[in-house]
Amino acid sequence: MRKHVAVMVAPFAAVLSLPSSAFAQEQRHEVSVQGAGSFTKDSEGNGISQHTTDSGAFLANYRYHLNRWLAVEGNYGYSRNTYQNFTPTNEFAVNANARQTTGALVLTIPASAIRLEPYVLVGGGVVAFDPRTDVIGTIAGADEETKAAFLYGGGANVRLVPHVALRLEYRGLAYGRPDFGLTQLDSDATAHTALPTLGGSFRF
């Protein structure tokens, strides 16, 4: 009798165990390293016209997949730019390192037959500006400054082999234009930086 019960119960137990087994085998963690271009739109305010030089950037990312559709991520990015400020009578420049630390919610579409996994993201964080006072041309008295930032973007992972993908992405950052603690640079303007990126990711 016990054998018959065991035979009848076994298929149901196997079916019930499938979701938990599949859940355990999911690759929840993902890390990536990306190279980027940093392109900031010109801004203007309080009689000051502002331009930021284009440059290269570096981005490191950790993403945790809550399920097949939803993930959360943390990012660190770095670039170096010259922040130029033009008034009717003078020009002021600050060469500075910009370090962005952000978090985002990511909506993903599971990989299709062509191994393409698109996604969109939205989040926020901070951008820390560190003036390089040792560089000729940087205005004296420039100080470190941190600005809150809004992050949005999207991209796609293209699976190359198991666990490894090519990542193409666009990120947009909106934040208050830094004045480095100097009233003559205070435009009260919002800056927008576009970061198209290309890199690789590893999922485990």
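Calculation rules
Within every chain, residues take consecutive numbers counted from 1 along the sequence as written. For a predicted model such as this one, the threshold for reporting local features is a pLDDT of at least 70, and the threshold for listing and counting side-chain atom pairs is 80 or more; totals across whole chains, interfaces and linings nevertheless cover every residue. Hydrogens and water are ignored here; the side-chain numbers use all heavy atoms of the structure. Only buried residues count toward a nonpolar core, which is a set of Ala, Val, Leu, Ile, Met, Phe, Trp, Tyr and Cys residues joined through side-chain atoms within 4.5 Å. Buried means the residue's accessible area, taken with a 1.4 Å probe over protein chains only, is under 20% of the maximum for its type, while exposed means over 50%, and partly exposed covers the values in between. Elements are defined by DSSP. Helices are runs of H or I of four residues or more, strands are runs of E of two residues or more, and each kind is numbered from the N terminus. Whether two residues are in contact is decided by their heavy atoms, any of which lying within 4.5 Å being enough. Polar contact is defined as a pair of N or O atoms within 3.5 Å, subject to the rule that within protein one atom must be able to donate a hydrogen and the other to accept it, and that residues adjacent in sequence are counted only when both atoms are side-chain atoms. Think of a salt bridge as a Lys or Arg side-chain nitrogen and an Asp or Glu carboxyl oxygen that are within 4 Å of each other.

Asks: Whenever I open this one, the nonpolar core confuses me. Can you help?
Replies: Generally speaking, nonpolar side chains in soluble globular proteins are found buried as a group. Formed by 25 residues in total, the largest nonpolar core has its most connected members in Val94, Phe129, Ile139, Leu173, Phe180 and Leu185. Among the elements that line this core, the one with the most residues is strand β6 (residues 91-108), at six residues. For Ile139, the contacting residues outside a window of four places in its chain are Phe92, Ala93, Val94, Leu182, Gln184 and Leu185.

Asks: Honestly, the side chain of Arg203 in this entry has me stumped. Any pointers?
Replies: Among the structural elements, Arg203 can be located in strand β10 (residues 190-203). Within the local environment of Arg203, its side chain forms a polar contact with the backbone oxygen of Gln27, the two atoms lying 2.6 Å apart. The contacts of Arg203, once residues within four sequence positions are left out, are Gln27, His29, Glu30, His65, Glu117, Arg159 and His163.

Asks: Sorry if this is basic, but what is going on with the pattern of salt bridges here?
Replies: Close approach of charged atoms allows side chains of opposite charge to pair. Per the counting criterion, the structure on display carries nine salt bridges. Across the salt bridge formed by Glu73 and Arg63, the nearest N and O atoms sit 2.8 Å from each other. Placement of the pair is Glu73 in strand β5 (residues 70-86) and Arg63 in strand β4 (residues 55-65), with a sequence separation of ten residues. Note on Glu73: relative accessible area 7%, which makes it buried. Ionic pairing is found between Glu117 and Arg203, a salt bridge with its closest N-O pair at 3.6 Å. Linking Glu117 in strand β7 (residues 116-131) with Arg203 in strand β10, this pair joins segments that are 86 residues apart in sequence. With a relative accessible area of 14%, Arg203 lands in the buried category. When salt bridges with common partners are traced through the structure, they connect Arg63, Glu73, Glu169 and Arg171 into a single cluster.

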